[in-house]
Every structure is written in structure tokens, then in C-alpha cells.
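Take a look at the letters that make up each chain.
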Amino acid sequence: MIRHIVSFSLLLAAPLMAQADPATDYADHCASCHGEDRLGGTGPALIPETLGRVPGIEQVIAEGRVSTQMEGFAAELTTESIAALKDYITSPLDHLPDWTADEIAASREMNTDYQPAEKPVFAADPMNITLVVETGDHHVSVLDGDTFEVLDRFATPFAVHGGPKFSPDGRFVFVMSRDGWVQKYDIWSLQEVGRIRAALNSRNIAMSHDGKWLAVANYLPTSLTILSTEDLAPVRLVNVVSRDGTPSRVSAVYQAPQRKSFVLALKDAAEIWEIATDPDAGPFHEGLVHSYEKGMEEAVGAEQGLFARRRIPINEPLDDFFFSPDYREVIGANRDGNKGVVVNLDVGRAIAELPLPGMPHLGSGITWEREGHRVMATPHLGEGVISVIDMEDWSLVKQIKTDGPGFFLRGHATSPYVWADVFFGPNKGKMYVIDKETLEIVKTLEPFPGLTFAHTEFTRDGSHVLASLWEDDGAVVVYDAKTLEEVKRLPMRKPSGKYNVWNKITFEDGTSH
Ligand code: DHE
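Overview of the structure.

Reading guide: rules and limits
- Residues numbered from 1 in each chain as written.
- Predicted model: local features only at pLDDT ≥ 70, side-chain atom pairs only at ≥ 80, totals over all residues.
- Heavy atoms only, no water.
- 1 Å grid on protein atoms, 1.4 Å probe; cavity = no way out; pocket = protein on both sides within 12 Å on 5 of 7 lines; lining within 4 Å.
- Points joined across faces, edges and corners; volume = space filled by probe spheres on them.
- Helix = DSSP H or I, 4+ residues; strand = E, 2+ residues; numbered from the N terminus.
- Near = heavy atom within 4 Å.
- Polar contact = N/O pair within 3.5 Å; in protein donor to acceptor, adjacent residues only side chain to side chain.
- Nonpolar A, V, L, I, M, F, W, Y, C, P; charged D, E, K, R; others polar.
- Contact = heavy atoms within 4.5 Å.
- Buried < 20%, exposed > 50% of the residue type's maximum accessible area, 1.4 Å probe, protein only.
- Pairing = 2+ DSSP bridges.
- Axes fitted to C-alpha atoms, helices over the stretch in contact; angles between N-to-C directions.
- Donors = N, O, S within 2.8 Å, 3.2 Å for Na, K, Ca; no water.
- Parallel < 35°, antiparallel > 145°, perpendicular 65-115°, else oblique.
- Core = buried A, V, L, I, M, F, W, Y, C linked by side-chain atoms within 4.5 Å.
- Phe/Tyr/Trp six-rings, centres within 6.5 Å; stacked < 30°, edge-to-face > 60°.
- Disulfide = S-S within 2.5 Å.
- Salt bridge = Lys/Arg side-chain N within 4 Å of Asp/Glu carboxyl O.

1. As for the layout of surface pockets
Thinking step 1. In this structure, the second largest pocket occupies an estimated 990 Å³ of space.
Thinking step 2. For the second largest pocket, the lining is made up of 40 residues, of which His 34, Thr 42, Gly 43, Pro 44 and Phe 158 are closest to its centre.
Thinking step 3. Listed by contribution, the elements that provide at least two residues to the lining of the second largest pocket are helix H2 (22-34), helix H4 (57-63), helix H5 (79-89) and strand E8 (191-197).
Thinking step 4. Sort the elements by how many residues they give to the lining of the second largest pocket and H2 lands first, with five residues.

See below:
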């Protein structure tokens, strides 16, 4: 009889153990830190928009994350339950969540220990500071650009993405995470000033020409949040809806300093938006209105003053912008990733198309002078090629073949070379040094074959180049920009982007903006 009961209970237990219930597991084990709605709490949001780029999710659920409050659940959850939980948290939400102006304002946390220093608390050149984003454990290292000493290492919100943005004087930096958190850090004082959650899922940030406003481009909700850079207070929440009433995600927002505006790439609408960052000299000042073709005034609307918005209708949604140095023209990539469209922002319409198959990554584009012409170069995310384009007539000068698709490019006015990585595929350890005149690869560096070696940044004077060994036990490798020899290796936790204060605030040609 006893034997009978045991085998009966085993029969019952087998299907029960196989039956994973991720919603209950989520509520029991995850909700207290990550929010009942998966939109984040003390832990990051667990939604595909945030997790899409995070490798090894099942391992993190099972084993936790070192140096964080994320514990492992291998003892409580079966392998099947962990797999089901991973599917659950990487599935899209069944509704579009809101994040109201009040919720944004309530999320603001200012650092009460913050003491603004009167001058930098270090002897290093404050204009030659380079920040290294370490995605391995969500920190930023503050490097002295001359000695490469780490002056500070501060914790950031989870999953920082895009370039941090500096105040025009180079003193403050603003860092954004995919969860919509924006953090303000004082480089002189080496202290965090505060942070605010501008949205639930964001793309990037842009600083206004005068340093007063910071715009945050958002996917969730479909909005642009404008913050005061002074105290991070939200000053405007722009609901992004196309002319036909369709809400649109904002792919990215860009600073257009000469135009005194922000320019927005919209993911779901055939429009480019421009938002004035100056009450008197926005996109609608007299000179520009005169240059509109007949009929364009209607499309422009009558908005005036600070944050006035202008819509520029285009034929199809464009993403991933690159601007001419005078910010009159923007090149965007179409959704199919097979062409670049040049839009003149003054006249408000497309003026040229470029054959750029293989998903050009225009946001990483850089420019330089070559044989009396200004050229721009862009890597392609879908093809092992770098396209070089003449910016006067928008013709294709050359396609430089590489051993795999790359992500980032960097140059410097003082350097005869452009540095280009391979980011995808078996050759992701390769870094090319390309001659700006001949457009030939002059050297291929591969110090860690098979490991990702990507993204470069020059020091202020262009004498050194920093490259990332993009691995958990990674490093920033410093090269002499002339001899192309390695001079130093700094251990870092999965370093991604690096940003030199001077190169960024002076809009150095060789850096993407
Ligand atoms: Fe980025 C910049 C969009 C995936 C690391 N990335 C940018 C910018 C945009 C963008 C619009 C410019 C913002 C700025 O600096 O103001 N990135 C996208 C995508 O659409 C894409 C392809 C898919 C996505 O999931 O968003 C994408 N990006 C990635 C990654 O997978 C990378 C390699 C790792 C990560 O951290 O997510 C990555 N993106 C970066 C970095 C920059 C960046 C390091 C800043 C480069 C710079 O030098 O300025």
C-alpha cells in the first residue's frame, strides 16, 4: 500500500515539476526589486527593451550578479522554471505603460552629501579627463588623460547607453541608462549631484547649445523629456505623436548647436522634429521661415518660443542621424538599412539619397578634410565595409572592405589616421588604422584574437588612443597615436565607450556627437 502511495505521488509530482509558472515565480522572487509591473524598482526594469542586449540572463537568474543585490535562485527554481522566467521577462509588456510628469518629478533624488568644489579636487588637466563607461559592473571610471590614472570610479544606473553629455564648460557630465535614469556628476568635485528617471525606457540624451537643458529621447512612453541641467528638474514632457495621430518612439535626440535646437529622429513616423532651445532663435526665426518653400509654413505650424516644435515631413521614417558640421543637413538611414537620405533642415525636405546597403551606422560617422573636400565615413552594422562619402556632392568616394561589420569610428584633427573596429563575427578582435588621405588600411591591431576589441577615443592633444577590450575581465589599452605601439593597459570591467571632455565639448571632427 505504501509503495502504491509513493508511486502515485511521484506520478503527480513529475508533471507538476515540469509545469513552470513564470508569472508566479516572478511575483515571488523578482517583483520586490524589479517592480510588480516589471518596470524597475531598486533593480532594473525586466523588459525586452532593457534586456535585449544583456547576455546570459538565465545564468544571472540562477547565480545572481556579483557585487550587486541580485541573488541567485538556482536553489529555489528548476532549470525549466528559470528558462520560462527568462522568456517571461524578455517578452513585450501587454500594455504601453505611462510615466507621468508627476512620476518623473517624484523620482528625482539629489545627493544630499554633494559639496560643489570651487576648483578641481585633482591636479590633472580638467579638460583632458576621459570617462570610461564600464558596462560589466555599471560604473564609470574618471581617467586623467595625461597619466591615465583613475581619479574616481562611480556607480551608474544599470545599462548605460549612448554617449554621456558634458556641460559646455566641461565641468558636469550627464549619463543615461536604458531604464531612463539620468545621472548628473560633477567632475571637479568627483561626486554625483543627483539622478532622475526621465522615462521607463530611453535611447539617448542631448545637451542644448547653452547647456541649460537636457533632452531625453524615449521609447517608453513615446515622449521626449526635457530636464533643467541645473537641478535635473523636469521642465517639459513632450508627447510624441505624428501628424496622423500615431504615437512614435523617439529613436534619438541630437544637439544642433548652430541651429539652437534639438533634432529628433522618430522611429514610427515619417517626420523629423526640431525643437527650439532658445526663445528667440529657434527653428522659426525669420531667416529660416523665409527659406521655406511655399506651403511649408502650414506643415511648420505656428509654434514660437522656447521648446517650439517644427515638424519636417519626409517620405519614410529615418533613424540614426549624422549632421554636416554646420548642422544644415542631416543624413538618416531608412528602416530597411539600404540607403541614406540627406535632408536639408533649412528648407525642410530631402535633397539627396545615398546608396548605403548593409545598415550604415551613421551615428558613429566622423568627418575630415581630404584633398580639399570634406568627407564623412560611416561603418555598416550589416556588412564588413566602411563607406567614405564626399559631403559636397554626396557621392560615394570609396567603400573600404573590412573583415566584419564594425560599430565605431574615431579620428582627431592632429592624426593622419581613422580608427575603426570590427564588432561582429569571428574577427571582432581586429582594429583597423586607416590613412585619411589614401583611405587604405595601414595597420591591423589584434592584441586579443577572438575577443571584442572596440571603440576608440583620442586624448585631448591627439597623442594617444584608448581602445576597449570589451570583456568582463577587460581593459582599456592605450596606444601612442603616432607609432601605433601599445603604451599602457588599464584593467576595467567590460569597458564600452570612452569620452574625452575636450574632444566632446569642442565638437572635435573625429568624434561622433
Ligand atoms: Fe548604441 C551610441 C543606437 C546598440 C553602445 N547608439 C548610440 C547612439 C544611438 C545608438 C542613437 C547615439 C547616442 C548618443 O551618443 O547620443 N545602439 C543604438 C541602436 O539602435 C542599437 C543598434 C540597438 C539598440 O539596442 O539600441 C544600439 N549600442 C548598441 C549596443 O549593442 C552597444 C554596442 C552596447 C550597449 O551598451 O548597448 C552600443 N551606442 C553604444 C555606445 C555609444 C552608442 C558605446 C556611444 C558611442 C560614442 O562614441 O559616442
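2. What to know about the site of the ligand
Thinking step 1. Surrounding the ligand, one finds 20 residues, the nearest of these being His 161, Lys 165, Arg 178, Arg 203 and His 455.
Thinking step 2. Gly 163 has a polar backbone atom sitting 2.7 Å from an oxygen atom of the ligand.
Thinking step 3. A distance of 2.7 Å separates an oxygen atom of the ligand from a polar side-chain atom of Arg 203.
Thinking step 4. For the shell around the ligand, the secondary structure elements donating two or more residues are strand E9 (201-207) and strand E33 (495-500).
Thinking step 5. No other element matches E9, which puts three residues into the shell around the ligand.
Thinking step 6. Of the residues contributing to the shell around the ligand, the split by class is eight nonpolar, seven polar and five charged.

3. Re the side chain of Ser 387
Thinking step 1. Its location among the elements puts Ser 387 in strand E23 (residues 385-390).
Thinking step 2. A distance of 2.7 Å separates a polar atom in the side chain of Ser 387 from a polar atom in the side chain of Gln 399.
Thinking step 3. In this view, Ser 387 contacts Leu 356, Met 376, Ala 377, Thr 378, His 380, Leu 396, Lys 398 and Gln 399; residues no more than four positions away in its chain are not counted.

4. Re the pairing of strand E6 (residues 172-176)
Thinking step 1. Burial analysis of E6 places five of its five residues in the buried class, which makes it a mostly covered element.
Thinking step 2. Covered by surrounding structure in E6 are Phe 172, Phe 174 and Met 176 together with Val 173 and Val 175, the residues of both alternating faces.
Thinking step 3. Relative to E6, strand E5 (residues 165-166) is paired through two bridges, and the arrangement is antiparallel. Bridged to Lys 165 within E6 is Phe 174.
Thinking step 4. When E6 meets strand E7 (residues 181-186), the two strands line up antiparallel, connected through five bridges. Across the sheet, the residue bridging to Phe 172 is Asp 186, located in E7.
Thinking step 5. The antiparallel hairpin formed by E6 and E7 contains four residues in its connecting segment, where Gly 180 sits at a positive phi of about 85°.

5. Here we look at the sheet that holds strand E21 (residues 366-370)
Thinking step 1. Overall, antiparallel pairing links the four strands, which are arranged E21-E22-E23-E24 in an open sheet. Every other strand in the sheet has two partners, leaving E21 and strand E24 (396-401) as the edge strands with one partner each. Along the sheet, successive strands turn relative to each other by an average axial angle of 25°, direction set aside.
Thinking step 2. Inspection of the sheet shows E21 paired to strand E22 (residues 373-379) by five bridges, in the antiparallel sense. Its bridge partner lying in E22, Ile 366 is registered against Ala 377.

6. Considerations on the coordination of the iron atom of the ligand
Thinking step 1. For the iron atom of the ligand, the protein supplies a single donor, His 161 (NE2), at a distance of 2.2 Å.
Thinking step 2. On the secondary structure map, His 161 appears in the loop between strand E4 (150-155) and E5.

7. A closer look at the packing of H2 against H5
Thinking step 1. With their axes 9 Å apart at the nearest point, H2 and H5 run at an angle of 90° to one another. Relative to H5, the element H2 is oriented roughly perpendicular. Contacts between H2 and H5 involve Pro 22, Ala 23, Asp 25, Tyr 26 and Cys 30 from the first element and Ser 81, Ala 84, Leu 85, Tyr 88 and Ile 89 from the second.
Thinking step 2. A class-by-class count of the residues in the contact of H2 with H5 yields eight nonpolar, one polar and one charged.

8. Thoughts on the nonpolar core
Thinking step 1. With 22 residues, the main nonpolar core has Phe 174, Val 182, Ile 205, Leu 214, Val 216 and Leu 227 as its most contacted residues.
Thinking step 2. For this core, the elements supplying multiple residues, two or more each, are E6, E8, E9 and strand E10 (213-220).
Thinking step 3. Apart from residues lying up to four places away in sequence, Phe 174 is in contact with Pro 164, Lys 165, Val 182, Gln 183, Lys 184, Ile 205, Met 207, Leu 214, Thr 229 and Leu 232.
Thinking step 4. Listed in part, the 19 residues of the second largest apolar core include Met 127, Val 142, Leu 190 and Ile 505.

9. Some thoughts on the packing of aromatic side chains
Thinking step 1. The tally for this structure, following the rule as stated, stands at 17 aromatic pairs.
Thinking step 2. Plain terms: the ring middles of Phe 407 and Phe 424 are 5.7 Å apart, the flat faces sit at 40° to each other, and that makes the pair tilted. With Phe 407 in the loop between E24 and strand E25 (409-410) and Phe 424 in the loop between strand E26 (417-421) and strand E27 (431-435), the pair connects residues that are 17 residues apart, well separated along the chain.
Thinking step 3. The class for Phe 407 is buried, based on a relative accessible area of 19%.
Thinking step 4. Residue class for Phe 424 comes out partly exposed when judged on its relative accessible area of 30%.

10. Observations regarding the sheet that holds strand E11 (residues 223-228)
Thinking step 1. Read across the open sheet, the four strands follow the order E9-E10-E11-E12; overall the sheet is antiparallel. Looking at which strands have only one partner, the edges of the open sheet turn out to be E9 and strand E12 (234-239). Sheet twist, expressed as the average angle between the axes of neighbouring strands with direction ignored, equals 20°.
Thinking step 2. Across five bridges, the pairing between E11 and E12 is antiparallel. When the sheet's bridge partners are listed, Ser 223 is paired in E12 with Asn 239.

11. Overview of the state of the cysteines
Thinking step 1. For the coordinates displayed, the defined rule picks out zero disulfides.
Thinking step 2. Cys 30 takes part in no disulfide bond, and the closest cysteine sulfur, belonging to Cys 33, lies 8.9 Å away.
Thinking step 3. The exposure class of Cys 33 is partly exposed, given its relative accessible area of 30%.

12. Section: the environment of Asp 480
Thinking step 1. The residue Asp 480 is located in strand E31 (residues 474-480) in this model.
Thinking step 2. Spatially, the C-alpha atoms of Asp 480 and His 464 are 4.8 Å apart, while their sequence positions differ by 16 residues.
Thinking step 3. What Asp 480 contacts, discounting residues up to four positions off in sequence, is Ser 463, His 464, Glu 485 and Val 487.
Thinking step 4. Of the polar contacts made by the side chain of Asp 480, one reaches the backbone nitrogen of Thr 483; its length is 3.0 Å.

13. Quick look at the pattern of salt bridges
Thinking step 1. Evaluation of the coordinates by the stated rule reveals 26 salt bridges.
Thinking step 2. A salt bridge links Arg 195 to Glu 192, with the nearest nitrogen and oxygen atoms 2.9 Å apart. When sorted by exposure, Arg 195 lands in the same class as Glu 192, which is buried.
Thinking step 3. As a salt-bridge pair, Glu 371 and Arg 370 come within 3.7 Å of each other at their nearest N and O atoms.
Thinking step 4. Judged by its relative accessible area of 14%, Arg 370 is buried.
Thinking step 5. Among the ionic contacts, a cluster of salt bridges with common partners joins Arg 259, Glu 274, Arg 310, Asp 326, Arg 328 and Asp 346.

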